[in-house]
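Observations on the three-dimensional arrangement
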2 protein chains.
Amino acid sequence: MPGGLDGVAVPSSSPTLVRMRTYDAEQLLAVAREEALLGREAGGVPIGAALFTVTGELLGRGHNRRVQDGDPSMHAETCAFRAAGRRPHYRDTIMVTTLSPCWYCSGLVRQFGISHVIIGEATTFHGGHDWLAENGVGITLLDDPACVSLMTEFIEKHPDLWFEDIGVEKT
Amino acid sequence: MPGGLDGVAVPSSSPTLVRMRTYDAEQLLAVAREEALLGREAGGVPIGAALFTVTGELLGRGHNRRVQDGDPSMHAETCAFRAAGRRPHYRDTIMVTTLSPCWYCSGLVRQFGISHVIIGEATTFHGGHDWLAENGVGITLLDDPACVSLMTEFIEKHPDLWFEDIGVEKT
């Protein structure tokens, strides 16, 4: 894919393609994973995310802040989106997240027209990424072992916190 | 609907029905509309929302804060959700909003299992409420003239801000 991304299939209809350079989705994921680890160190939900331009410029990064700020609206993706600040549009952006985005974060991606989502893993939680793909968003699922381990350990240790974070009522 | 809500059809499968009292969706909308007016007075996007329990207790209220806080993640619904703070689940809650919820806010409702959405109007913007209804969320669309006027005037005066708020790229 001349001028495209290694490992990232961006819809060829996207006019932003012409401005892309070659780089690696794994490198972008590393930033989100760093954020997830920061969240874990702070006793929070260990999910991290970052928003980049399609040319690889970092716009914002963040992690889930439910525990740290007592804020249920700050999922990793919303936190990274917030950190990026106001933009007239997001057609030239890529969201990178350590975990398959939930409906809330998938809705964010769809509404704001973020062109692509790079996902660390969807083994421990399968969110709305199929829906995004059906609606024209490019999806790269990396199946990263470090991301899987992070969430597996977290869910085992803190099931109540995990269920709270995804709005699942315990029965 | 014994013990239910006037004008609000909640899925009969919901166990929360037994705890409902009779009140009026219009009254709940009035709180969201007050928030929208506060947003307009501050020069922001005039959309307001509030989260209530199904028994009518106010949990959180807020309005779009894109302009005021330079924060694109604070749509009215997310702002109200944030103000409500952490909860173990949202099955017993109702989101009231002056405008049909965009995909981002519809995703919030679906992910967190908010049982019902009361909507001021869907004339100036048709968001994801049909999708929510298809997925088991109760929807009450009020077609409120004051809400329609508020958005009509705003879109006419500030089209760039409106397009930015819903992630629509100007062509």
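Residues numbered from 1 in each chain as written. Chains lettered and ligands numbered in written order. Predicted model: local features only at pLDDT ≥ 70, side-chain atom pairs only at ≥ 80, totals over all residues. Heavy atoms only, no water.

1. What about the packing of helix 1 (residues 25-41) of chain A against helix 6 (residues 145-157) of chain A?
The geometry of a pair of packed helices is captured by two quantities: the angle between their axes and the separation between those axes. All names here are of chain A. Two numbers describe how helix 1 lies on helix 6: the axes approach to 11 Å, and their chain directions differ by 20°. Relative to helix 6, the element helix 1 lies roughly parallel. Where helix 1 crosses over helix 6, the handedness of that crossing is left-handed. Along the contact surface, helix 1 presents L29, R33, A36, L37 and R40, while helix 6 presents A146, C147, L150 and E153. (Axes fitted to C-alpha atoms, helices over the stretch in contact; angles between N-to-C directions. Helix = DSSP H or I, 4+ residues; strand = E, 2+ residues; numbered from the N terminus. Parallel < 35°, antiparallel > 145°, perpendicular 65-115°, else oblique. Left-handed = near helix turned anticlockwise from the far one by under 90°. Contact = heavy atoms within 4.5 Å.)

2. Focus: the interface of chain B and chain A
In many reports, interface size means the accessible area that the parts give up when they come together. With 35 residues of chain B in contact, the opposing surface of chain A contributes 35 residues. Interface of chain B and chain A: buried area, both sides summed, is about 3,100 Å²; carbon and sulfur atoms make up 57% of it. For the pair chain B and chain A, the number of links is six salt bridges. Between E169 of chain A and R91 of chain B there is a salt bridge, and its shortest N-O distance comes to 3.9 Å. Viewed at the interface, chain A and chain B are joined by 13 residue pairs in polar contact (both at pLDDT 80 or more). Elements that contribute at least two residues to the side of chain B that touches chain A include exactly helix 2 (66-69), helix 3 (76-84), helix 4 (103-111) and helix 7 (159-165) of chain B. Among the elements that line the side of chain B that touches chain A, the one with the most residues is helix 4 of chain B, at six residues. Tallied by class, residues from the side of chain B that touches chain A come to 16 nonpolar, nine polar and ten charged. (Buried area = accessible area lost by both parts, 1.4 Å probe. Salt bridge = Lys/Arg side-chain N within 4 Å of Asp/Glu carboxyl O. Polar contact = N/O pair within 3.5 Å; in protein donor to acceptor, adjacent residues only side chain to side chain. Nonpolar A, V, L, I, M, F, W, Y, C, P; charged D, E, K, R; others polar.)

3. A closer look at the pattern of salt bridges
One pass over the full model with this rule turns up 22 salt bridges over all chains. Taking the shortest distance from any N to any O, the salt bridge between E164 of chain B and R86 of chain A comes out at 2.7 Å. Of this pair, E164 of chain B sits in helix 7 while R86 of chain A sits in the loop between helix 3 (76-84) and strand 3 (93-97), which puts the two residues in different chains. Taking the relative accessible area as the measure of exposure, E164 of chain B reaches 12% and is therefore buried. A salt bridge links D69 of chain B to R65 of chain B, with the shortest nitrogen-to-oxygen separation between them at 2.6 Å. Classification of R65 of chain B as partly exposed rests on a relative accessible area of 25%. (Buried < 20%, exposed > 50% of the residue type's maximum accessible area, 1.4 Å probe, protein only.)

4. Quick look at the packing of aromatic side chains
Within this structure, the stated rule accounts for 18 aromatic pairs over all chains. Considering the side-chain rings of F125 of chain A and W162 of chain A, the 5.6 Å spacing of their centres and the 90° angle between planes classify their relative orientation as edge-to-face. Of this pair, F125 of chain A sits in the loop between strand 4 (116-119) and helix 5 (129-134) while W162 of chain A sits in helix 7 (residues 159-165), placing them 37 residues apart in sequence. One aromatic cluster is present, formed by F81, Y90, Y104 and F112 of chain A together with F81, Y90, Y104 and F112 of chain B through successive ring pairs. (Phe/Tyr/Trp six-rings, centres within 6.5 Å; stacked < 30°, edge-to-face > 60°.)

5. Focus on the sheet that holds strand 1 (residues 48-53) of chain A
Residue and element names in this part refer to chain A. Judged by pairing direction, the sheet is mixed, and its five strands sit side by side in the order 2-1-3-4-5 without closing on themselves. The sheet terminates laterally at strand 2 (58-63) and strand 5 (138-141), the two strands that pair on one side only. For this sheet, the mean inter-axis angle between neighbouring strands, taken without regard to orientation, is 15°. Sheet analysis places strand 4 next to strand 5, joined by four bridges and oriented parallel. Following the sheet pairing, I119 is matched in strand 5 by L141. (Pairing = 2+ DSSP bridges.)

6. A word on the relation of the copies chain B and chain A
Mapping chain B onto chain A leaves a residual RMSD of 0.0 Å; the transformation is a rotation of 180° accompanied by 0.0 Å of translation along its axis. What we have between these two chains is a two-fold relation. Of every C-alpha in chain B, the one belonging to G107 of chain B sits nearest the axis of rotation, 2.4 Å from it. (Least-squares fit on C-alpha atoms with pLDDT ≥ 70 in both.)

7. Regarding the sheet that holds strand 3 (residues 93-99) of chain B
Residues and elements named next belong to chain B. Spatial strand order, 2-1-3-4-5: five strands in an open sheet with mixed pairing. Both outer strands of the open sheet, strand 2 (58-63) and strand 5 (138-141), are each paired with one neighbouring strand and no more. Between one strand axis and the next, the sheet turns through 15° on average, direction left out of account. Across five bridges, the pairing between strand 1 (residues 48-53) and strand 3 is antiparallel. Note that in strand 3 the partner of A50 across the bridge is V96. Each of strand 3 and strand 4 (116-121) touches helix 6 (residues 145-157); the most contacted strand, strand 4, lies at about 65° to it.

8. A closer look at the confidence of the model for chain A
Residue and element names in this part refer to chain A. Confidence in the prediction of chain A, expressed as mean pLDDT, is 88, and 86% of residues score 70 or more. Every residue in residues 6-22 is under pLDDT 50, and counting partners more than four places away or in other chains gives 41 contacts. Reported for the predicted complex are a pTM of 0.89 and an ipTM of 0.89. (pLDDT = per-residue confidence, 0-100.)

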